[in-house]
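Overview (structure and organization)
Now for the letters of each chain:
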Amino acid sequence: MTVAFFLNEKTPYVGDTSNVLLDWLIIIGGFTLLLGVVSILRVSAQAIQRKKEGWPFKIATIASVLVMAIPSLLPVSWSPLFGRFEGSIYDWVFVNLQAPMMATMFATLAFYIASAAFRAFRARTAEATLLLLTATIVMFWRVPIGEAFLNLFPGDLPYFINKFIMNGANLAVQRGIIIGAALGAAALSLRIILGIERTYMGRG
Amino acid sequence: MNLGRRILTSKSFATLALSFSLLSEAALAQEEFSVFRSDRINALITVTLFSAAVLLYTRWAKQGKPLFLRKIAGLDAVEEAVGRATEMGRPVLYIPGIDDLDQIDTIAGISILGRVAQITAQYETPLMVPVRYPLVLAAGQELVEQAYILAGKKEQYDRDTVRYVAGEQFSFTATVSGYMMRERPATNIYMGAFFAESLLLAETGNAAGSIQIAGTARPEQLPFFIAACDYTLMGEELYAASAYLSHEPIMMGGLKGQDLMKIIIIVLIIMGVVLASFGWGESGTVFKSWFQAV
């Protein structure tokens, strides 16, 4: 794949090798889904069998897996309720149950951000005070009422906040982390390719 | 698992190449057909230089030359955190990210899992590893089993230590958060690729009173981990963790090669700043097109 990366895709035999290998990966990945289903069913069944705490929820887990999986695998020609198209059982459960539940989980993030910010922004040291001041200015700038207030002052304050804090200090640090991470990823890849790093296979 | 390993190796090739693919962004489209992609020569040179640096330092490490590595507090705390879980009689929760095995972050997370599993096996501490992708499940199960065998505790290995919990991001988060509040693991370790669920998990772990160690290469998730965790590995530290924990000079050689490359990039950045500040290196020059691509 490394060699193919440096070759023209139209080069006979080798040019398209990486795409072919990636297609194989997708096919194999599809089959491995069965491993996940077996794992979740086995763990849940054991919990029910041993009457572990909260075992009735495991019944709901197994029922959910079966309700989502079985009708979606059956052919649409048998019934419009089968398959994964609009009007199917799969589609109804996804739109009316799964999507709202996932949206609810995501929405709770706002409260978690508030509690984490409260802890992080305590002005205990000089650095923490600087962080608190910077965060206050940036948050003020990001809400419409804050921006309207900043615009009451002479000079384009929102522009300076954007230029010096977000696109200045913030972006510079992010780029430093990204460059370091890219080099780290490349070094790890090399260690794996050369067989130096074998811990991902359970070898020391 | 042999097939899985082959896939991993081939994905590593892809990752190595793609890590440098940014270098080719500024290149012009080729009009005439040629076997080689001339617009990717800068990537080829960088890969060659980088490989040479890593191999050179690995060779020196093999010869026994002393290599200095700075301390990474988060990694030094891993054993202590597992020890705390043992004393409290509570499990250790390890999450190798929520991405698939074709992501280098996940491979790094899985590699660290092997080290952590060896420590939990030695201390006979329960370990729980929830995963979101079946391939990660297969690799994780194999890895943890090997770790228990290496620790001489094969009989204590539970196949459901690594378990598939959900394929959807927030279903996974809900399951793991529920586990944290019910079982109250003494130690939570997050290593790999995390997205919007990072703070949900870390804050829940914090509320459950767990000691938390996180590591991710995604800058947008780092503030959340820093706010909610006791130790955070940033960017490259995640990829270095496995080598650092191994204490093997050969693996540490790779890290030194990486440092050399970083020095070269810092020198290039300073050159770019100087050239741009004096008005040199405007559009059309070789340095600018190369530098922008980097």
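**Things to note about the overall build of chain A**
When helices and strands are tallied, chain A shows 8 helices and 0 strands. The N-to-C order of helical and strand elements in chain A reads α-α-α-α-α-α-α-α. Whereas a compact globule of 204 residues would reach a radius of gyration of roughly 17 Å, chain A reaches 27 Å, over 25% beyond that. Its C-alpha atoms put chain A at 70 × 55 × 40 Å along the principal axes. Looking at chain A residue by residue over its 204 residues, the buried ones come to 16%.

**Comments concerning helix H7 (residues 197-207) of chain B**
Burial runs high along H7(B): 10 of the 11 residues are buried. What H7(B) keeps buried is the set Glu197(B), Ser198(B), Leu199(B), Leu200(B), Leu201(B), Ala202(B), Glu203(B), Thr204(B), Gly205(B) and Asn206(B). Against the buried residues of H7(B) lie helix H5 (109-120) of chain A together with helix H6 (169-183), strand S4 (187-191), strand S5 (211-216) and helix H8 (222-228) of chain B. Following H7(B) by one or two positions, Gly209(B) has its phi on the positive side, about 80°.

**Concerning the sheet that holds strand S3 (residues 162-164) of chain B**
Residue and element names in this part refer to chain B. Here 6 strands make up an open sheet; going across it, the order is S3-S2-S1-S4-S5-S6 and the pairing parallel. Edge positions in the sheet fall to S3 and strand S6 (231-234), since each has one partner strand and no second. Across the sheet, the axes of successive neighbouring strands diverge by a mean angle of 15°, strand direction being ignored. Of the strand pairs in this sheet, strand S1 (residues 92-95) and S4 are connected by 4 bridges, and their pairing is parallel.

**Description of the confidence of the model for chain A**
The pLDDT averaged across chain A works out to 89; a share of 97% of its residues lies at or above 70. Per-element mean pLDDT across chain A ranges from 80 in helix H1 (residues 2-5) of chain A up to 95 in helix H4 (residues 89-107) of chain A.

**Overview of the nonpolar core**
One finds Tyr94(B), Ala108(B), Leu113(B), Ala117(B), Ala202(B) and Ala241(B) to be the most contacted residues of the largest nonpolar core, which totals 96 residues. The biggest single contributor to this core is helix H4 (residues 104-123) of chain B, with 10 residues. Not counting the four nearest positions on each side in its chain, Ala108(B) is found in contact with Leu188(A), Met191(B), Gly192(B), Leu238(B), Tyr239(B), Ala241(B) and Ser242(B).

**Remarks on the interface of chain A and chain B**
Each partner contributes to the interface: chain A provides 56 residues, whereas chain B provides 79 residues. Broken down by secondary-structure element, the contributors of at least two residues to the side of chain A that touches chain B are H1, helix H2 (17-49), H4, H5 and helix H8 (157-193) of chain A. The element best represented in the side of chain A that touches chain B is H8(A), accounting for 18 residues.

**So, the confidence of the model for chain B**
Residues and elements named next belong to chain B. Summary statistics for chain B give a mean pLDDT of 85 and a share of 84% for residues scoring 70 or more. For the stretch residues 20-30, pLDDT sits under 50, and the model shows 24 contacts to residues farther than four places along the chain or on other chains. Interface confidence for the predicted complex, given as ipTM, is 0.87, next to a pTM of 0.85.

What counts and how
- Residues numbered from 1 in each chain as written.
- Chains lettered and ligands numbered in written order.
- Predicted model: local features only at pLDDT ≥ 70, side-chain atom pairs only at ≥ 80, totals over all residues.
- Helix = DSSP H or I, 4+ residues; strand = E, 2+ residues; numbered from the N terminus.
- Rg over C-alpha atoms; globule rule 2.2 N^0.38 Å.
- Buried ≥ 20, exposed ≤ 12 C-beta atoms within 10 Å, placed from the backbone.
- Contact = placed C-beta atoms within 7 Å.
- Pairing = 2+ DSSP bridges.
- Axes fitted to C-alpha atoms, helices over the stretch in contact; angles between N-to-C directions.
- pLDDT = per-residue confidence, 0-100.
- Core = buried A, V, L, I, M, F, W, Y, C linked by C-beta atoms within 7 Å.

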